[in-house]
Amino acid sequence: MSHSSTSDIGKLVWAIPEGWIPGWSNGPEPELLSHEAACILNPNDRDAHIEITIYFEDRDPVGPYKLTVGARRTLHQRFNTLTDPEPIPLSVAYASVIRSDTPIIVQHTRLDSRQAENALLSTIAYTE
């Protein structure tokens, strides 16, 4: 079986309605730094150019944050490390919309290491 796809796998628009980066961590960094991440899979034969927009309860959206995921590659993008156009604030509720010019699959994860007993949350993002 060839790795070349006959049809694209994934969707162009994804939403993660729940986002919140814990304001502190317990454990060595970067491995156990509390974080949110979009795990993005591009199983297709061309690069995916991605824009992420962040929405808040009490202010205008911020973005786009621009990323590229290579053809037949994956990217685990921590929201903590997004800085352009501005860093995402810690301990503030937010949501995100992820748009791509190539179909992708998005999974959302959070590592909350505020206590020594860490918690990891993971769920598939929403797409239509």
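All values reported here derive from a predicted model rather than from experimental measurement.

Caption draft 1: Representation of the overall build of the protein chain. Scanning the protein chain for helices and strands turns up 0 helices and 7 strands. Secondary structure elements in the protein chain, listed N-terminal to C-terminal, are β-β-β-β-β-β-β. Looking at the 128 residues of the protein chain, the share that counts as buried comes to 35%. Split by element, the accessible area of the protein chain, about 7400 Å² in all, is 53% carbon and sulfur.

Caption draft 2: Focus on the nonpolar core. Core analysis: the biggest nonpolar cluster contains 21 residues, and Ile-50, Ile-52, Phe-79 and Ile-98 have the highest contact counts within it. The dominant element in this core, judged by the number of residues it contributes, is strand β3 (residues 48–56), at 5 residues. In this view, Ile-52 contacts Val-62, Gly-63, Pro-64, Tyr-65, Leu-67, Phe-79, Leu-82, Ser-96, Val-97 and Ile-98; residues no more than four positions away in its chain are not counted.

Caption draft 3: Region of interest: the pairing of strand β4 (residues 62–69). One ladder, built from 6 bridges, connects β3 with β4; its direction is antiparallel. By the bridge assignment, His-49 is partnered in β4 with Thr-68. Connecting β3 to the antiparallel partner β4 that follows it, the hairpin turn spans 5 residues.

Caption draft 4: Examining unusual backbone geometry more closely. For the peptide bond that leads from Gly-63 to Pro-64, omega is 5 degrees, which places it in the cis range. Mapping Pro-64 onto the fold places it in strand β4. A positive phi angle, close to 55 degrees, is found at Arg-72, a residue other than glycine. Relative to the assigned elements, Arg-72 resides in the loop between β4 and β5 (73–78). On the accessibility criterion, Arg-72 (37% relative accessible area) is partly exposed. Despite not being glycine, Ser-91 has its phi angle at roughly 55 degrees, a positive value.

The rules behind the values
- Residues numbered from 1 in each chain as written.
- Predicted model: local features only at pLDDT ≥ 70, side-chain atom pairs only at ≥ 80, totals over all residues.
- Heavy atoms only, no water.
- Helix = DSSP H or I, 4+ residues; strand = E, 2+ residues; numbered from the N terminus.
- Buried < 20%, exposed > 50% of the residue type's maximum accessible area, 1.4 Å probe, protein only.
- Areas by Shrake-Rupley, 256 points an atom, 1.4 Å probe, with all protein chains shown as cover.
- Core = buried A, V, L, I, M, F, W, Y, C linked by side-chain atoms within 4.5 Å.
- Contact = heavy atoms within 4.5 Å.
- Pairing = 2+ DSSP bridges.

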